[in-house]
Amino acid sequence: MAKQLKIEAELTVYDTVDELPLEIQDLMNKAQQARNDAYAPYSSFKVGAAILLENGNVVIGNNQENAAFPSGLCAERVAAFQAGALYPKVAFKVIALTAGSLKQQTTTPIPPCGACRQSLAEYEVRQETNIPIYFMGETGKVVRAASVKDLLPLIFDSSYL
Ligand code: THU
């Protein structure tokens, strides 16, 4: 007999960045600075990421595009891989993401792409603690997911290998 399984995720929606805890506002500010420095001449879509680590350090990333399109990389993975390289044993405490198009104002929250969710999930599984993710456009509402699992419920991890 087939069974129906329901997957639910609870997300928190803030009306503006001003409603965020101060520590997160500061982190989002760093993600916004990183977004400005993104190298996105092909898509004109700039993304910034800032990861606060358990040791208090902040590691940033932004999208890095390439004339050979698939050779570019998203902001989230630039930040996560940089953090993994610089601080291999330090857990991620929280991640802030912001994205915006140079063609129009981006006012809706932009979630990380599927490939980045999968990459971030590996860090969460490894460190055995949830990594909250805050994401937004350039302005407007901010969404908080308490865990990568809320954005990628059926995580593929090493237990399947
Ligand atoms: N991009 C990111 O940096 N993160 C995402 O999660 C979605 C997409 C970048 C990749 C590419 O440089 C541009 O945004 C348009 O897809």
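As shown above, the structure is provided for reference.
Report follows, based on the coordinates. (Residues numbered from 1 in each chain as written. Predicted model: local features only at pLDDT ≥ 70, side-chain atom pairs only at ≥ 80, totals over all residues. Heavy atoms only, no water.)

### Quick word on the pattern of salt bridges
Tallied over the entire structure, the rule returns five salt bridges. Two residues, Lys30 and Asp26, come together in a salt bridge whose shortest N-O distance is 3.1 Å. Of this pair, Lys30 and Asp26 both sit in helix 1 (residues 22–36), four residues apart, which is roughly one turn of the helix. The exposure class assigned to Lys30 is partly exposed, which follows from its relative accessible area of 29%. Given the relative accessible area of 41%, Asp26 is considered partly exposed. Put simply, Lys149 and Glu124 hold a salt bridge, and the shortest N to O gap is 2.9 Å. Here Lys149, found in helix 4 (residues 148–151), pairs with Glu124, found in helix 3 (residues 114–127); they are 25 residues apart in sequence, far enough to count as distant. (Salt bridge = Lys/Arg side-chain N within 4 Å of Asp/Glu carboxyl O. Helix = DSSP H or I, 4+ residues; strand = E, 2+ residues; numbered from the N terminus. Buried < 20%, exposed > 50% of the residue type's maximum accessible area, 1.4 Å probe, protein only.)

### Examining a nonpolar patch on the surface
Together, Tyr39, Tyr42 and Phe69 make up a nonpolar patch on the protein surface, roughly 360 Å² of accessible area in all. Residue position: Tyr42 is located in the loop between helix 1 and strand 2 (45–53). (Patch = residues over 30% accessible without salt bridge, like charges linked within 9 Å, V, L, I, M, F, W, Y side chains within 5 Å. Areas by Shrake-Rupley, 256 points an atom, 1.4 Å probe, with all protein chains shown as cover.)

This is a description of form; function is not addressed.
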